[in-house]
Amino acid sequence: MNIESVKTLFTLFSGEDVSENYTPIITLAVSEVEKMLLPESDSTDVRLDFLCAAVANHRLQQINSARERAEFTVAGKMLTASQNTALSYSEKLLRDYMNMCEDLIKPKTFMFMSFSGETGE
């Protein structure tokens, strides 16, 4: 994975300039994606840069969402129940890049099926 490419893509996805404040989020995202990789995967595949940036953007939106739950009113502040659209869109973006990289990463969910060898005759 190319960290400079990840930083550029993070800026594109989040709209934030990469500064030292966001470096830990990007580093964590790269580490998270490295742990998802299948053993035979090519870690230089450009799709992984997009996935890392999408993970970092989603983590940033989660942090921002936690901060922005308070709404200020004349009487003070109260919690809002509205859905943070930036968070929901970052989740959709992350899901899309996870699907794009499905041949490079371990599946997040497993489905175990059993087939009977008997035909019932």
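Within each chain, residue numbers correspond to sequence positions counted from 1 in written order. Predicted model: local features are reported for residues with pLDDT of at least 70 only, side-chain atom pairs are reported and counted for 80 or more only, and whole-chain, interface and lining totals are derived from all residues. Working from all heavy atoms in the structure, the side-chain values ignore hydrogens and water.

Trainee: Could you give me a rundown of the overall build of the protein, with the residues and numbers involved?
Mentor: Secondary structure elements follow DSSP: runs of H or I of four or more residues count as helices, runs of E of two or more count as strands, with numbering from the N terminus. Counting its secondary structure elements, the protein contains 4 helices and 2 strands. Starting at the N terminus, the α and β elements of the protein follow one another as α-α-α-β-β-α. By element, 54% of the accessible surface of the protein is carried by carbon and sulfur atoms, the whole surface being about 8500 Å². Computed by Shrake-Rupley with a 1.4 Å probe, the accessible areas treat only the displayed protein chains as cover when residues are assessed.

Trainee: Lay out helix α2 (residues 23–36) with the relevant residues and their values.
Mentor: A rise of 1.5 Å per residue sets the reference length of α2, with its 14 residues, at 20 Å; its end C-alpha atoms lie 20 Å apart and thus fit the reference within 8%. The complete set of buried residues in α2 reads I25, I26, A29, V30, V33 and M36. Viewed end-on, α2 has its buried residues packed into an arc of 135°, placing them on one side of the element. Opposite the packed face of α2, turned more than 90 degrees from it, sit the exposed residues P24 and K35. For a helix, the expected span equals 1.5 Å multiplied by the residue count minus one. Summary of the burial criterion: residues with accessible area below 20% of their type's maximum are buried, those above 50% are exposed, and those between are partly exposed, where the area comes from a 1.4 Å probe applied to protein chains only. Throughout, the arc means the angular range of directions from the helix axis out to the C-beta atoms.

Trainee: If you had to explain helix α4 (residues 85–100) to someone new, which residues and values would you point to?
Mentor: The terminal C-alpha atoms of α4, which comprises 16 residues, lie 23 Å apart, in line with the 22 Å expected from a rise of 1.5 Å per residue. All of the buried residues along α4 are L87, S88, S90, L94, Y97 and M98.

Trainee: Account for the confidence of the model for the protein, naming residues and giving values.
Mentor: For every residue, the pLDDT score states the predictor's confidence, bounded by 0 at the bottom and 100 at the top. Per-residue pLDDT for the protein averages 82, and the proportion of residues at 70 or more is 74%. Here residues 110–116 is a poorly scored stretch, pLDDT under 50, and it has 0 contacts once near neighbours within four places are set aside; other chains count. Contact definition: two residues touch when any of their heavy atoms are within 4.5 Å.

Trainee: Break down the pattern of salt bridges for me, with residues and values.
Mentor: A pairing counts as a salt bridge when a side-chain nitrogen of Lys or Arg comes within 4 Å of a carboxyl oxygen of Asp or Glu. Summed over the entire model, instances satisfying the criterion amount to 5 salt bridges. As a salt-bridge pair, E32 and R59 come within 2.7 Å of each other at their nearest N and O atoms. A residue pair is termed long-range when its members are at least 10 positions apart, and E32 in helix α2 and R59 in helix α3 (residues 46–67) qualify at 27 residues. With a relative accessible area of 22%, E32 lands in the partly exposed category. Because the salt bridges share partners, they merge into one network encompassing D45, R47 and D103.

Trainee: I'd like a rundown of the nonpolar core, residues and numbers included.
Mentor: Among buried residues, those of type Ala, Val, Leu, Ile, Met, Phe, Trp, Tyr and Cys that are joined through side-chain atoms within 4.5 Å constitute a nonpolar core. Core analysis: the biggest nonpolar cluster contains 26 residues, and F10, V33, L48, L51 and I105 have the highest contact counts within it. No other element matches α3, which puts 8 residues into this core. Beyond its immediate sequence surroundings of up to four residues, L48 is in contact with M1, V33, L37, D42, S43, C101, L104 and I105.

Trainee: Lay out the packing of aromatic side chains with the relevant residues and their values.
Mentor: The aromatic pairing rule takes the rings of Phe, Tyr and Trp, using the six-membered ring of Trp, and pairs them if the centres are within 6.5 Å, calling planes under 30 degrees apart stacked, those over 60 edge-to-face and the rest tilted. Enumeration according to the criterion identifies 4 aromatic pairs in this entry. Through successive ring pairs, a cluster of aromatic residues spans F13, F50 and Y97.

Trainee: Describe the side chain of D45, naming the residues involved and giving the relevant values.
Mentor: Tracing the sequence through the fold places D45 in the loop between α2 and α3. Polar contacts, as used here, are pairs of N or O atoms within 3.5 Å; protein pairs need one atom able to donate a hydrogen and one able to accept it. Residues neighboring in sequence count only if both atoms are side-chain atoms. Here the side chain of D45 touches R47 through a polar contact of 2.9 Å, side chain to side chain.

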